[in-house]
Amino acid sequence: NPATLTVQVKPTLVAVNKSLIGVEYLSLTLSVYILDAFPDVKAGNIVWTNSSNDMPFSTSTDLSSSVPFYQSHDAVNNVATLVVKNVSLDSDGGYRCTARNEAGSGSAVISIVTEGPPKLVERPRDTNVVVGETVNLKCETSSIPVADFVWTKGGVIVSNGSMSRFSLSQLTPSEGILVITTVTYGDRGEYR
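Predicted, not measured: the structure shown is a model, and the values here were computed from it.

**Section: the overall build of the chain**
Move 1: In terms of regular secondary structure, the chain is built from 0 helices and 15 strands.
Move 2: In summary, the chain has a C-alpha radius of gyration of 27 Å against a globular reference of 16 Å for 192 residues, an excess of more than 25%.
Move 3: Over its C-alpha atoms, taken along the principal directions, the chain stretches across nearly 105 × 30 × 25 Å.
Move 4: Surface summary for the chain: the accessible area is close to 11,800 Å², and the carbon and sulfur share equals 52%.

Structure below.
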């Protein structure tokens, strides 16, 4: 009687995209190909985790569920998918997909960077200044991509050179400053 030799092969995972840009409040789909696995990987043996601490995400296989992550496995095309339903700035980071069969496991990591509208971290502060002095008004934001700063006084845009005493600059990618030199009484008002 002939002997049958069965060779098991652990899965190799390849991310469709190694990094993705998510847009705040929209959904984002992460996909990984599961290659060369024998025996095949079953859906219950696919886990998505945070790559920095290997904590598993709470996922659902029901897209209408209120759980923030939807997980699926297309066994015909050997694709594992994770849908981040409502991307936020907290969604940034690495997502590891690990697939396991009797021969072992393989994994792939996909990184997400989230873009969203700027959020004010520090608003300009109320300031008292004497006529003739210089005043610096500072504003700080948090955003990806980096925000462009526009200053207004009473709803009217203040631009560089609009008055030779006004200058706008960006100290860091997240900090904008409006400098008013030789302040006059007419400079009083609300600046944003």
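**Observations concerning the environment of Leu178**
Move 1: Its place among the elements puts Leu178 in strand β15 (residues 175–180).
Move 2: Of the residues examined, Leu178 reaches a relative accessible area of 0% and is grouped as buried.
Move 3: In this structure the C-alpha to C-alpha distance between Leu178 and Lys138, which are 40 residues apart in sequence, comes to 6.5 Å.
Move 4: If we skip the residues at most four places from it in the chain, Leu178 touches Val135, Asn136, Leu137, Trp151, Val158, Phe166, Ser167, Leu168 and Tyr191.

**Comments concerning the layout of surface pockets**
Move 1: What the largest pocket holds in volume is close to 710 Å³.
Move 2: The wall of the largest pocket is formed by 29 residues, among which Arg125, Leu137, Gly189, Glu190 and Tyr191 lie closest to the centre.
Move 3: With 4 residues, strand β11 (residues 135–142) is the largest single contributor of residues to the lining of the largest pocket.
Move 4: Class assignment for the residues of the lining of the largest pocket results in 17 nonpolar, 4 polar and 8 charged.

**Comments concerning the confidence of the model for the chain**
In regions of low pLDDT, the predicted coordinates are not meant to be interpreted in detail.
Move 1: The predicted model of the chain has a mean per-residue pLDDT of 90, with 98% of residues at 70 or higher.
Move 2: Per-element averaging of pLDDT across the chain places strand β5 (residues 59–60) at the bottom with 84 and strand β1 (residues 12–15) at the top with 97.

**What to know about unusual backbone geometry**
Move 1: At the junction of Phe38 and Pro39, the peptide bond is cis and its omega measures out at 0 degrees in the coordinates.
Move 2: With respect to the secondary-structure elements, Pro39 resides in the loop between β3 (28–35) and β4 (46–50).
Move 3: The backbone phi angle of Asp54 is positive, close to 55 degrees, even though this residue is not glycine.
Move 4: Examined against the element boundaries, Asp54 turns out to sit in the loop between β4 and β5.

What counts as what
- Chains are numbered independently. Their residues run from 1 in the order of the written sequence.
- Predicted model: local features are reported for residues with pLDDT of at least 70 only, side-chain atom pairs are reported and counted for 80 or more only, and whole-chain, interface and lining totals are derived from all residues.
- Note that water and hydrogens are dropped before the side-chain values are worked out from all heavy atoms of the structure.
- Here a helix means four or more residues in a row that DSSP labels H or I, a strand means two or more in a row labelled E, and each is numbered from the N terminus.
- To get the radius of gyration, use the C-alpha atoms; to get the globule rule, take the number of residues to the power 0.38 and multiply by 2.2 Å.
- Where accessible areas are quoted, they stem from the Shrake-Rupley method and a 1.4 Å probe; at the residue level, only the protein chains shown are allowed to cover.
- Burial status follows relative accessibility: with a 1.4 Å probe on protein chains alone, a residue under 20% of its type maximum counts as buried, one over 50% as exposed, and anything between as partly exposed.
- By definition, residues are in contact when any of their heavy atoms lie within 4.5 Å.
- For each structure, a 1 Å grid was placed over the protein atoms alone; sets of points admitting a 1.4 Å probe that cannot get out are labelled cavities, open sets with protein on both sides within 12 Å along at least five of seven lines are labelled pockets, and lining residues have an atom within 4 Å of a point.
- Grid points are joined across faces, edges and corners, and a volume is the space filled by probe spheres set on the points.
- Gly is placed with the polar residues, together with every amino acid not listed as nonpolar (Ala, Val, Leu, Ile, Met, Phe, Trp, Tyr, Cys and Pro) or charged (Asp, Glu, Lys and Arg).
- Each residue carries a pLDDT value, the predictor's own confidence for that position, ranging from 0 to 100.

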